Amino acid sequence: MSNRTESYLVGLVGDGVMPSLTPPMHEREGDVQGLRYLYRPIDLLELGLSGDAVGDLLKSARSLGFNGLNITHPCKQLVLQHLDEVSPDALRLGAVNTVVIEDGRFIGHNTDFSGFAAALASGLPGARLDRVVQLGAGGAGSAVAYALLTAGVKTLDLVDTDAARCAARAAELAGFFPDRTITPRTTAELPQLMPLADGLVHCTPVGMAAHPGVPLDLDLLESRHWVADIVYRPIETELVLGARAKGCEVLDGGRMAVGQAADSFRIFTGLEANADRMRGHFLELVAQEEVAA
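Keep in mind that what you see is a predicted model, and the values were worked out from it rather than measured. (Residues numbered from 1 in each chain as written. Predicted model: local features only at pLDDT ≥ 70, side-chain atom pairs only at ≥ 80, totals over all residues. Heavy atoms only, no water.)

Asker: Hey, could you run me through the environment of A210 in this one?
Answerer: Position of A210 relative to the elements: it lies in the loop between strand 10 (199–202) and strand 11 (226–229). For A210 and L221, which are 11 residues apart along the polypeptide, the C-alpha to C-alpha distance reads 24 Å. (Helix = DSSP H or I, 4+ residues; strand = E, 2+ residues; numbered from the N terminus.)

Asker: Could you clarify how one ought to interpret the pairing of strand 10 in this entry?
Answerer: Note on strand geometry: in a regular strand, side chains alternate between the two faces of the sheet. Neither face of strand 10 is open: one carries G199 and V201, the other L200 and H202, and all of them are buried. Taken together, the 4 bridges between strand 7 (residues 131–135) and strand 10 define a ladder with parallel strand orientation. Among the inter-strand pairings, V132 is bridged to a residue of strand 10, identified as G199. (Buried < 20%, exposed > 50% of the residue type's maximum accessible area, 1.4 Å probe, protein only. Pairing = 2+ DSSP bridges.)

Asker: In this structure, what is going on with the packing of aromatic side chains? I would like to understand it.
Answerer: For any two aromatic rings, the description comes down to two numbers: the centre-to-centre distance and the angle of the planes. Inspection of the entire model under this criterion finds 6 aromatic pairs. A centroid spacing of 5.1 Å and a plane angle of 85° characterise the contact between F113 and Y146, whose relative ring orientation is edge-to-face. On the criterion of sequence distance, the pair formed by F113 in helix 5 (residues 111–123) and Y146 in helix 6 (residues 139–150) is long-range, its members being 33 residues apart. Assessed through its relative accessible area of 10%, F113 is described here as buried. Ring geometry for Y146 versus F177: centroids 5.5 Å apart, planes at 70°, classification edge-to-face. (Phe/Tyr/Trp six-rings, centres within 6.5 Å; stacked < 30°, edge-to-face > 60°.)

Asker: Teacher, can you tell me more about the sheet that holds strand 8 (residues 155–159) here?
Answerer: In a beta sheet, neighbouring strands pair by backbone hydrogen bonds and run either parallel or antiparallel. Here we have 6 strands laid out as an open sheet, ordered 9-8-7-10-11-12, and parallel in their pairing. A single partner strand is all that each edge strand has here, and the edge strands are strand 9 (181–185) and strand 12 (249–251). Ignoring which end each strand starts from, the neighbouring axes of this sheet average 15° apart. In the sheet, strand 8 pairs with strand 9 via 5 bridges, with the strands oriented parallel. Looking at strand 9, one finds that T155 is bridged to T181. With respect to the sheet, helix 9 (residues 238–245) is in contact with strand 10, strand 11 and strand 12, its orientation differing from that of strand 11 by roughly 165°. (Axes fitted to C-alpha atoms, helices over the stretch in contact; angles between N-to-C directions. Contact = heavy atoms within 4.5 Å.)

Asker: Hey, could you run me through unusual backbone geometry in this one?
Answerer: Peptide bonds are trans in most cases, and residues, glycine excluded, mostly fall at negative phi. Along the chain, H73 connects to P74 via a cis peptide bond; the corresponding omega equals 10°. In this fold, P74 is placed in the loop between strand 3 (68–71) and strand 4 (85–86). Unusually for a residue other than glycine, D103 sits at a positive phi of about 50°. On the basis of relative accessibility, which here comes to 80%, the residue D103 falls in the exposed class.

Listed below in structure tokens is the structure:
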């Protein structure tokens, strides 16, 4: 366990990370807990580096006394070959987004899945989990599907426009959770799937500022459904607004962002982050962005 007199130096490695809200979230939580906590974005685009540079960046971070790094696109898979140890969940997912540097060793974790699991538990307590439809089976979708199954979802209908990726992901998850039903589906099947589902989880870029719109026909939603989105720019996506208007219980994308940040903070410092406090700060940051825009 780290003690409170230490200082912490942490970074975020990935493409286009300069505007990320993760550094200010971590630094504010560090301030409140009385830590000297500095979090720096390390933007591959700004540095003119490819994702393959992640191994060298890890070594540089170790030499410079960093406590750890968060890792995002395009390095979550590339980083694996440079690690000394990987948590069982991250190994199963084949993706790492948090690397702690301990005694010169690199230890990888995945807080995307644990962050979504925490978000689901706190933001939709008591949600029915018998059958869930998930839109999107990419990198983030893998972590979310794993979190849903870990949380107890019995039947998962995995919908993706890339049929081969969707089938591969479903087969992989079925290997980890042999007692569940995980089926690759197409968007054309949504009218048949939604009446059977308890909830819907959205893990595609649709709804982001650069990709406006909704990922499915909102007429397929019923008030009994719960709906979770992982898009958080904007926080009130068209899906979130539409689902809320239908009377659905809704989990916005900010909860996963905060959940994974809180878990990373704990891994870096050994101290528990206050997720509610971090969410309050996150919502402040998002509101400031929207005013600035």
